[in-house]
Amino acid sequence: MNALPDEILLNIFQLLDLKSRWRLSATCQRLRAIGSDPVLWTHLEFSGSAPSALHRFIRSWGSGRTQCLTVNYILCNNRLFTQGVARIVSRICTGLKTLVITNTPPRYAVKYKFEADLVPQTVQELRLSGLSVESTRFLSRNLVLLRRLHIVNSLLSIETIRSLSRLANLKSLSLINCGGILFSSAFDDTLCLALPNLEYLDLSGCRITDCTVKTVCERMKRLTFLRCLQCKTLTDDCKLFIPPAVFFESEL
């Protein structure tokens, strides 16, 4: 062990889970110094179903060095990200930039209402998967730094789309395989009114039409990338509405 360079030992640490890292770093002063490298603690991942367990997890492993927190739910209808957990995350993970919340397995959690006013204000990227977000409180003005929002395999409402207007700095939006909303002219108008300065838009897997592509390209003047993979309701005619400044990715 003494013959191994610090770089190799750091790579070994990165292959271990959090508890194993902590135990290994407690064996000697050299491993304690290597185990304290910020690279090892910037990304934390939790899997469970109890708010108390997530609370203890953050208190044990979270710090100002934590930049990304991934929370994997085991039960789809459990309210895991509670106010108590949100407070402890904001107090301990003061440098948090990315928050990922997923359901395991990824299914629509109809009974779950996620409230983004519990998300720390430092978050710049928010990823949600398998959640029901049918709430006007879904997005709040507190997320002033949020630039990237990814919603996958989730239920949406028109109120959710309308609340996007509160995110003044949002540049990237992904709505992938989302249901619960009728993709119509009302959706097109609401989306464009909410996010006129959007630069990246991914609507893959959604039941959008050629009119959606036309409206988005005409009204989102800063849009540079539009992705519409596995959108079976689109036709080749939608390509006629793509301006030269927009990169369009599809299977057409």
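Up top is the structure.
What counts and how
- Residues numbered from 1 in each chain as written.
- Predicted model: local features only at pLDDT ≥ 70, side-chain atom pairs only at ≥ 80, totals over all residues.
- Heavy atoms only, no water.
- Helix = DSSP H or I, 4+ residues; strand = E, 2+ residues; numbered from the N terminus.
- Buried < 20%, exposed > 50% of the residue type's maximum accessible area, 1.4 Å probe, protein only.
- Contact = heavy atoms within 4.5 Å.
- Phe/Tyr/Trp six-rings, centres within 6.5 Å; stacked < 30°, edge-to-face > 60°.
- Pairing = 2+ DSSP bridges.
- Axes fitted to C-alpha atoms, helices over the stretch in contact; angles between N-to-C directions.
- Patch = residues over 30% accessible without salt bridge, like charges linked within 9 Å, V, L, I, M, F, W, Y side chains within 5 Å.
- Areas by Shrake-Rupley, 256 points an atom, 1.4 Å probe, with all protein chains shown as cover.
- Salt bridge = Lys/Arg side-chain N within 4 Å of Asp/Glu carboxyl O.
- Disulfide = S-S within 2.5 Å.
- Parallel < 35°, antiparallel > 145°, perpendicular 65-115°, else oblique.
- Nonpolar A, V, L, I, M, F, W, Y, C, P; charged D, E, K, R; others polar.
- Right-handed = clockwise from strand over helix to strand, strands pointing away.
- Arc of directions from axis to C-beta.
- Core = buried A, V, L, I, M, F, W, Y, C linked by side-chain atoms within 4.5 Å.

1. Quick word on the overall build of the protein
Here is step 1: Looking only at helices and strands, the protein features 8 helices and 9 strands.
Here is step 2: Considering the protein as a whole, with its 252 residues, one finds that 46% of them fall into the buried category.
Here is step 3: Excluding contacts between residues fewer than 6 apart, the proportion of contacts in the protein whose partners are at least 24 apart in sequence is 63%.

2. Remarks on the packing of aromatic side chains
Here is step 1: Scanning the model with the defined rule gives 4 aromatic pairs in all.
Here is step 2: Between Tyr200 and Phe225, the ring centres sit 4.9 Å apart and the planes meet at 10°, which makes this aromatic pair stacked. Pair noted here: Tyr200 is in strand β7 (residues 200-202) and Phe225 is in strand β8 (residues 225-228), with a separation of 25 residues, a long-range link.
Here is step 3: Grouping aromatic residues by their ring pairs yields a cluster made of Tyr200, Phe225 and Phe247.

3. Examining the environment of Gly64
Here is step 1: Structurally, Gly64 is set in the loop between α4 (51-61) and β2 (68-73).
Here is step 2: In the structure, Gly64 is positioned 31 residues away from Gly95 in sequence and 5.2 Å away in space, judged by C-alpha atoms.
Here is step 3: Sequence-distant contacts of Gly64, that is, excluding residues within four places in its chain, are made with Ile92, Thr94 and Gly95.

4. Concerning the sheet that holds strand β3 (residues 98-103)
Here is step 1: Spatially, the 9 strands line up as an open sheet ordered β1-β2-β3-β4-β5-β6-β7-β8-β9, and their pairing is parallel. Of all the strands in the sheet, the pair left with one neighbour each is β1 (43-48) and β9 (247-250). Along the sheet, successive strands turn relative to each other by an average axial angle of 5°, direction set aside.
Here is step 2: Two strands pair when backbone bridges link them, and β7 and β8 are joined in this way by 3 bridges, in the parallel orientation. When the bridges of β8 are listed, Leu201 appears paired with Leu226.
Here is step 3: α4 rests against β1 and β2 of the sheet, and its axis sits at about 160° to β1.

5. A few points about a nonpolar patch on the surface
Here is step 1: Together, Leu4, Ile8 and Ile12 make up an exposed nonpolar region whose accessible area comes to about 210 Å².
Here is step 2: Its location among the elements puts Ile12 in helix α1 (residues 6-14).

6. Points about the state of the cysteines
Here is step 1: Within the structure shown, the criterion is met by 0 disulfides.
Here is step 2: In this structure Cys231 is not part of a disulfide, and its nearest cysteine sulfur, from Cys228, lies 4.9 Å away.

7. Side note on the packing of α4 against helix α5 (residues 83-92)
Here is step 1: Two elements in contact, α4 and α5, have axes whose closest approach is 9 Å; the angle formed by their N-to-C orientations is 10°. Looking at the two axes, α4 sits roughly parallel to α5. Seen from α4, the contacting residues are Pro51, Leu54, His55, Ile58 and Arg59; seen from α5, they are Gly84, Val85, Ile88, Val89, Arg91 and Ile92.
Here is step 2: Partitioning the contact of α4 with α5 into residue classes produces 7 nonpolar, 2 polar and 2 charged.

8. Section: the pairing of strand β6 (residues 172-176)
Here is step 1: Most of β6 is tucked away: 4 of the 5 residues are buried.
Here is step 2: Of the strand pairs in this sheet, strand β5 (residues 148-152) and β6 are connected by 5 bridges, and their pairing is parallel. What sits directly across from Ile151, in β6, is Leu175.
Here is step 3: Taken together, β5, helix α6 (residues 158-163) and β6 constitute a β-α-β crossover, and its handedness is right-handed.
Here is step 4: Inspection of the sheet shows β6 paired to β7 by 3 bridges, in the parallel sense. Bridge assignment links Ser174 to a residue of β7, and that residue is Asp202.

9. Considering α5
Here is step 1: Where α5 is concerned, the buried positions are Val85, Ala86, Ile88, Val89 and Ile92. The arc that holds every buried residue of α5, seen down its axis, measures 165°, which confines them to one face. Exposed side chains of α5 directed beyond 90 degrees from the buried face belong to Arg87 and Arg91.
Here is step 2: On its buried side, α5 packs onto α4 and β2.

10. What about the nonpolar core?
Here is step 1: Ranked by size, the top nonpolar core spans 65 residues in total, and within it Leu201 and Leu226 carry the most contacts.
Here is step 2: Those residues within four positions of Leu201 in sequence are excluded, and the remaining contacts are Leu173, Leu191, Val216, Met220, Leu223, Phe225, Leu226 and Arg227.

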